[in-house]
Amino acid sequence: CFTEAIRIRRLLLGERAIEVAEALVHVGRVCQRKGDHFDAISHFKDAIGIYDNTNDVVSKYGVKRLLGVSQIASGSYEDAFTSLEECLCFQESVDSSESTEWANVAYDLGMAKAKEGLIDDAVELLEKYVYLKKQRDNDSSSMSHALFQLGLIYSKTDVDRALTLFEDSLAIRRGLEDNE
């Protein structure tokens, strides 16, 4: 069904039409939600190829972030680091490293770096994410995850700090459950 929609758009609008890229992103997101990250990666890369030939850099880097998330899920950490680091640089040039968009990419990259054992990088990114989110939206599930991951990292070196982070994470999680 979705593949057919992309095929029709390509026939009617051409291979490089923005509408084709949008359809590819939509299908990639569906694949991502289903856990089919290899197909998601393929669709996101095709969409980025189209956006490379346009002036729509905001959409391009939005798709690069989605690509990075699927690369993480598929275990392609080096590729994910490249995709997400490009997104961080873009967000910093457009909004600054104080923006919500930058923080969200920093979260993805920080979690990936933690999984790969790049602890110093992970701590730097996740602490900046937590700092920025506390200023805006302190009760999201990603905030809880970031605090928990930092707690895991600190549990090896600073148990008191780790316990505080775990408690903060749990408090947010409880608050989210109460709001459901």
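Definitions and limits used
- Residues numbered from 1 in each chain as written.
- Predicted model: local features only at pLDDT ≥ 70, side-chain atom pairs only at ≥ 80, totals over all residues.
- Heavy atoms only, no water.
- Patch = residues over 30% accessible without salt bridge, like charges linked within 9 Å, V, L, I, M, F, W, Y side chains within 5 Å.
- Areas by Shrake-Rupley, 256 points an atom, 1.4 Å probe, with all protein chains shown as cover.
- Salt bridge = Lys/Arg side-chain N within 4 Å of Asp/Glu carboxyl O.
- Helix = DSSP H or I, 4+ residues; strand = E, 2+ residues; numbered from the N terminus.
- Expected span 1.5 Å × (residues − 1).
- Buried < 20%, exposed > 50% of the residue type's maximum accessible area, 1.4 Å probe, protein only.
- Contact = heavy atoms within 4.5 Å.

Participant: For this particular structure, what's the right way to read a nonpolar patch on the surface?
Facilitator: Residues I8, L11, L12 and L13 make up a contiguous nonpolar surface patch of about 430 Å² in total accessible area. Its location among the elements puts L11 in helix 1 (residues 2-13).

Participant: Even after reading the chapter, I still don't get helix 6 (residues 100-115), so can you show me in this structure?
Facilitator: The α-helix winds at 3.6 residues per turn, so residues separated by three or four positions along the chain end up facing the same way. With 16 residues, helix 6 extends 23 Å from end C-alpha to end C-alpha; this agrees with the ideal 22 Å at 1.5 Å per step. Here helix 6 lies mainly inside the structure; twelve of its 16 residues are buried. Those residues of helix 6 that fall on the buried side of the exposure criterion are W102, A103, V105, A106, Y107, D108, L109, G110, M111, A112, K113 and A114. Where helix 6 is buried, its residues touch helix 4 (57-73), helix 5 (77-94), helix 7 (119-136) and helix 8 (141-154).

Participant: Any chance you could explain unusual backbone geometry here in plain terms?
Facilitator: Excluding glycine, a negative phi dihedral is what most residues carry, and trans is how most peptide bonds are arranged. In this structure, S96 is a non-glycine residue whose phi angle is positive, near 110 degrees. Relative to the elements of secondary structure, S96 occurs in the loop between helix 5 and helix 6. In this structure S96 comes out as partly exposed when scored by relative accessible area, which is 27%.

Participant: What is the right way to look at the pattern of salt bridges in this model?
Facilitator: Side chains that carry opposite charge are capable of pairing whenever their charged atoms lie near each other. Here the structure, examined in full by the defined rule, presents seven salt bridges. Two residues, R161 and E127, come together in a salt bridge whose shortest N-O distance is 3.4 Å. You can see R161 sitting in helix 9 (residues 159-178) and its partner E127 sitting in helix 7, a full 34 residues away along the chain. Classification of E127 as partly exposed rests on a relative accessible area of 28%. A single salt-bridge network, built from bridges that share partners, covers E85, K113 and D121.

Participant: How should the environment of F148 be read in this particular structure?
Facilitator: Within the secondary structure, F148 is located in helix 8. As for F148 and F166, which are separated by 18 residues in sequence, their C-alpha atoms are 5.5 Å apart. Those residues in contact with F148 that sit more than four places away from it in its chain are F166 and S169.

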